[in-house]
Amino acid sequence: MATFRKVAKGNPGKLIHVYVDSAKDDNGRILEFFGIKKEDGNVARLIQLGEGVDKYAPDFTDLTEENLAKFAADYLEGKLSKHLNSEEIPEDWDAKPVKVLVGKNFEAVAYDETKDVLVEFYAPWCGHCKQLAPIYDELGEKYKDHASIVIAKMDSTANEVADVTVRGFPTIKFFPKESGRKVVDYSGGRTLEDFVAFLEGTHDQAAEDDRLMKKRTTTMRLITTNYNR
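Caption draft 1: Looking closely at the nonpolar core. Of all hydrophobic cores here, the largest spans 17 residues; its most connected members are Leu118, Tyr136, Leu139, Tyr143, Ile151, Phe195 and Leu199. Considering every element that reaches this core, the biggest residue donor is helix H6 (residues 192–199), with five residues. Leave out the neighbours within four places in its chain, and Phe195 touches Leu118, Leu132, Ile135, Leu139, Ile172, Tyr186, Gly189 and Arg190. Grouped together as the second largest cluster of nonpolar side chains are 14 residues, Val109, Val117, Ala152 and Val161 included.

In C-alpha cells, the structure reads:
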C-alpha cells in the first residue's frame with residue numbers, strides 16, 4: 001500500500017487510484033468488473049470508462065514504484081494497447097447447436113464472411129440471461145443444420161473483443177455475412193418467433209433502429225395514457 005500511495009501522489013488530478021483487497025469475497029463482483037480473477041494475486045489495471053470499459057494491463061508482475069509510475073505515464077501518453085481477456089477455446093465449442101465463443105475464436109466465427117451469426121453476450125449471474133437460455137437453445141436447435149446461419153453465445157464477464165461494446169446483459173448482436181465486419185444491434189423481442197422473424201427478414205441497422213424507435217414510441221404513449229388517467 002505504501003508504494004501504491006507514492007505512485008498515486010505522482011498523478012494528482014489525472015488518475016483515480018483505487019485499492020481492492022482481492023482476498024475478500026465481497027469484492028468478487030468488483031474483480032469481475034476489472035477482469036481480474038482472485039487467483040491472479042497482486043495485479044494492477046488501468047480502467048477507462050466510456051461507451052464501454054477499456055482495460056489496460058502492465059507487461060510486468062513486479063509492482064514496484066518505478067514500474068507502476070511508468071505504467072501510469074505510458075497510459076497518459078497514449079502508449080498502451082487495450083487488454084482483452086479471453087478464456088481458452090473449449091474443445092467442444094461447436095458440439096452443441098449454440099456455439100460457444102471466447103475471445104480467441106470470436107474473430108474467426110463472428111466475422112466469417114460466409115455466415116450470418118447471431119451472438120448473445122451474457123453474464124452467468126444475469127437473471128434475464130437465464131430466462132432467455134431455453135429460448136436461445138431452442139433457436140440454436142432450429143438452425144443447427146442451416147448452411148449459413150450460426151447461433152452463438154459468449155460469457156462477457158470472462159471474454160472481451162475489440163470493437164464490440166457490451167453495455168448490459170444480455171446484449172445481442174448480429175454479424176451479417178458478406179458485410180465487411182458490419183455489426184447490427186438486435187433490438188427486437190426475445191421470443192423464438194421474434195428471433196426467427198429477424199433472422200429470416202430484414203436485419204440491417206436501419207431496420208433495427210426503426211424497430212427500436214417504434215418500441216420507445218409505444219412505451220411513451222402507454223406512459224402518457226396512464227398518466228392522464
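Caption draft 2: Fine view of the pattern of salt bridges. Applying the stated criterion across every chain, the model contains nine salt bridges. A salt bridge links Lys82 to Asp54; the shortest N-O distance between them is 3.6 Å. With Lys82 in the loop between helix H3 (65–76) and strand E3 (98–101) and Asp54 in strand E2 (residues 53–56), this pair connects stretches of sequence that are 28 residues apart. By relative accessible area, which is 23% here, Asp54 ends up partly exposed. The partner of Lys173 in a salt bridge is Asp185, and the shortest N-O contact between them spans 2.4 Å. Of the two residues, Lys173 sits in strand E6 (residues 171–175) while Asp185 sits in strand E7 (residues 184–185), which places them twelve residues apart along the sequence. For Asp185, a relative accessible area of 35% puts it in the partly exposed group.

Caption draft 3: Layout of the pairing of E6. Among the five residues that make up E6, five are buried, leaving the element largely enclosed by the rest of the structure. Along E6, one buried face is formed by Thr171, Lys173 and Phe175 and the opposite face, lined by Ile172 and Phe174, is buried too. Relative to E6, strand E4 (residues 116–122) is paired through five bridges, and the arrangement is antiparallel. Each bridged residue has a counterpart across the sheet, and for Val117 the counterpart in E6 is Phe175.

Caption draft 4: Fine view of the packing of aromatic side chains. What the rule picks out here adds up to twelve aromatic pairs. Aromatic side chains Phe106 and Tyr111 sit 6.1 Å apart centroid to centroid with 80° between the ring planes, which places their arrangement in the edge-to-face category. For Tyr111, a relative accessible area of 11% gives the class buried. An aromatic cluster is defined as three or more aromatic residues linked by ring pairs; in this entry it consists of Tyr136, Phe174, Tyr186, Phe195 and Phe198. The positively charged end of Lys142 is found above the aromatic ring belonging to Tyr143, 5.9 Å away from the centroid. Here Arg181 stacks its cationic end above the ring of Tyr111, 3.9 Å away from the centre of that ring.

How each quantity is defined
- Residues numbered from 1 in each chain as written.
- Predicted model: local features only at pLDDT ≥ 70, side-chain atom pairs only at ≥ 80, totals over all residues.
- Heavy atoms only, no water.
- Core = buried A, V, L, I, M, F, W, Y, C linked by side-chain atoms within 4.5 Å.
- Buried < 20%, exposed > 50% of the residue type's maximum accessible area, 1.4 Å probe, protein only.
- Helix = DSSP H or I, 4+ residues; strand = E, 2+ residues; numbered from the N terminus.
- Contact = heavy atoms within 4.5 Å.
- Salt bridge = Lys/Arg side-chain N within 4 Å of Asp/Glu carboxyl O.
- Pairing = 2+ DSSP bridges.
- Phe/Tyr/Trp six-rings, centres within 6.5 Å; stacked < 30°, edge-to-face > 60°.
- Lys NZ or Arg CZ within 6 Å of the ring centre and 35° of its normal.

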